[in-house]
Amino acid sequence: MLTSDLLRAGPGVRLADIDPRGTPGVSSRKDPKQWSRVEVSLIGAELASHQEMLYADAKSGTDPRRVLLVLQAMDCGGKDGTVKNVVGQFDPLGLRIVSFGAPTKEELAHPFLWRIKNALPPAGYVGVFNRSHYEDVLIVRVHDLVPRRVWARRYDTINKFEAELVAGGCTLVKVMLHISKEEQRKRLAERLTDPTKYWKYNPGDIDERAYWDDYQEAYQAVLDRCSTEAAPWHVVPADRKWYRNYAVATLLREAFEGLNLKYPKPDFDLKNEVKRLEAST
């Protein structure tokens, strides 16, 4: 049985010791891909129900709660596939998905969290960050885009920011999709041989492979410094797509269950409204 504790990062958890092809909490199965499709579909229906209750509660104007899924991964790590498979049954009206690329000139003119704060989901919404504020201590660190003294301060800034979000009613689910360098090569090759995947290919992805070890070091620093009690990180082995989808869906389900959501009670006289409807023509 998979629980968030099995995937949670914390003191002593080394990324290098986690098998990207592992399936923590899931025993061997005859047809794991088919099993996962069924399980993710069932969990997706539960998640959709939770999402509706979250949205309904916020409509009253008194419940500030929201949920934010933060996805980080190496190139080809499966962020897009995770979004498609895990939140596919959500109501778009209560869903906000944001993909963060290189910052614009306007964004660079502000503190690094400025664009993140502008993209946060409002009360009652589920938000998904495809990449996030952690790019400012990952790619920025690896490529020396700002001085070390600048990015080194950002870990504490991020922790403070996330603590404030959680205190304000935001449930954070932070997930690193952990793939191997060999699996990344395989997925890049697919993008070069399958015409339906040409559009996904970025020549820069091969250049970035030269920095693989530097990125692993940067990710380890993120897990060491920013997996807090209020907003822990979870490392999901992601070489096996079926496990990746199941694991992230399960993490979201646990997060929602912790909110103990219920549909709001009516703010009108129910019996009277029933009578009025029956009397109407």
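Look up a bit, the structure's there.
Residues numbered from 1 in each chain as written. Predicted model: local features only at pLDDT ≥ 70, side-chain atom pairs only at ≥ 80, totals over all residues. Heavy atoms only, no water.

**Re the sheet that holds strand 4 (residues 170-178)**
The strand order across the open sheet formed by 5 strands is 2-3-1-4-5, and the pairing between neighbours is parallel. Every other strand in the sheet has two partners, leaving strand 2 (95-99) and strand 5 (233-237) as the edge strands with one partner each. The mean angle between the axes of side-by-side strands here comes to 20°, regardless of whether they run parallel or antiparallel. Taken together, the 5 bridges between strand 4 and strand 5 define a ladder with parallel strand orientation. When the sheet's bridge partners are listed, Val175 is paired in strand 5 with His234. (Pairing = 2+ DSSP bridges. Helix = DSSP H or I, 4+ residues; strand = E, 2+ residues; numbered from the N terminus. Axes fitted to C-alpha atoms, helices over the stretch in contact; angles between N-to-C directions.)

**Quick word on the pattern of salt bridges**
All told, the structure shown has 16 salt bridges when counted by the stated rule. Here Arg276 and Glu273 are joined by a salt bridge, their closest N and O atoms 2.7 Å apart. With Arg276 and Glu273 both in helix 12 (residues 270-279), this residue pair falls 3 residues apart, about one helical turn. Assessed through its relative accessible area of 30%, Glu273 is described here as partly exposed. Where salt bridges share partners, they join Asp57, Asp63 and Arg65 into one cluster. (Salt bridge = Lys/Arg side-chain N within 4 Å of Asp/Glu carboxyl O. Buried < 20%, exposed > 50% of the residue type's maximum accessible area, 1.4 Å probe, protein only.)

**Description of the pairing of strand 3 (residues 126-130)**
Of all 5 residues in strand 3, 5 are buried; the element is thus mostly enclosed. Pairing of strand 1 (residues 66-73) with strand 3, which is carried by 5 bridges, proceeds in the parallel orientation. Its bridge partner being in strand 3, Leu69 is matched across the sheet by Val128. The sheet contact formed by strand 2 and strand 3 spans 5 bridges and is parallel. Paired with Leu95 across the two strands is Val126, which belongs to strand 3.

**Points about the packing of aromatic side chains**
Evaluation of the coordinates by the stated rule reveals 7 aromatic pairs. Ring centres of Trp35 and Trp242 lie 6.2 Å apart, and the angle between their planes is 80°; on these two criteria the pair is classed as edge-to-face. Taken as a pair, Trp35 in helix 2 (residues 32-59) and Trp242 in helix 11 (residues 241-257) lie far apart in primary sequence, 207 residues in all. The same class applies to Trp35 as to Trp242, namely buried. Measuring from centroid to centroid gives 4.9 Å for Tyr134 and Trp233, while their planes differ by 70°, and the two rings are edge-to-face. With Tyr134 in the loop between strand 3 and helix 6 (139-142) and Trp233 in strand 5, the pair connects residues that are 99 residues apart, well separated along the chain. For the pair shown, Tyr134 and Trp233 are each scored as buried. Members of the aromatic cluster, connected to one another through ring pairs, are Trp35, Trp242, Tyr243 and Tyr246. Arg96 extends its terminal NZ or CZ atom over the ring of Tyr125, reaching a point 6.0 Å from the ring centre. Above the ring of Phe112, the side-chain terminus of Arg154 is found at 4.7 Å from the ring centroid. (Phe/Tyr/Trp six-rings, centres within 6.5 Å; stacked < 30°, edge-to-face > 60°. Lys NZ or Arg CZ within 6 Å of the ring centre and 35° of its normal.)

**Remarks on the packing of helix 2 against helix 11**
Running from N to C, helix 2 and helix 11 point in directions that differ by 25°, and their axes come no closer than 9 Å. The angle between helix 2 and helix 11 falls in the class roughly parallel. Regarding helix 2 and helix 11, the two cross each other, and that crossing is left-handed. Here Pro32, Lys33, Trp35, Ser36, Glu39, Val40, Ile43, Glu46, Leu47, His50, Gln51 and Leu54 of helix 2 lie close against helix 11, whose contacting residues are Trp242, Asn245, Tyr246, Ala249, Thr250, Leu252, Arg253, Phe256 and Glu257. Residues that form the contact of helix 2 with helix 11 fall into these classes: 11 nonpolar, 5 polar and 5 charged. (Parallel < 35°, antiparallel > 145°, perpendicular 65-115°, else oblique. Left-handed = near helix turned anticlockwise from the far one by under 90°. Contact = heavy atoms within 4.5 Å. Nonpolar A, V, L, I, M, F, W, Y, C, P; charged D, E, K, R; others polar.)

**Some points on the environment of Leu261**
Residue placement: Leu261 occurs in the loop between helix 11 and helix 12. Along the backbone, Leu261 and Ser49 are 212 residues apart, and their C-alpha atoms lie at a distance of 9.8 Å.

**Considering the side chain of Arg141**
Mapped onto the secondary structure, Arg141 falls in helix 6. On the basis of relative accessibility, which here comes to 16%, the residue Arg141 falls in the buried class. Arg141 has contacts with Trp151, Tyr155, Glu217, Ala218 and Ala221, leaving out every residue within four places of it along the chain.

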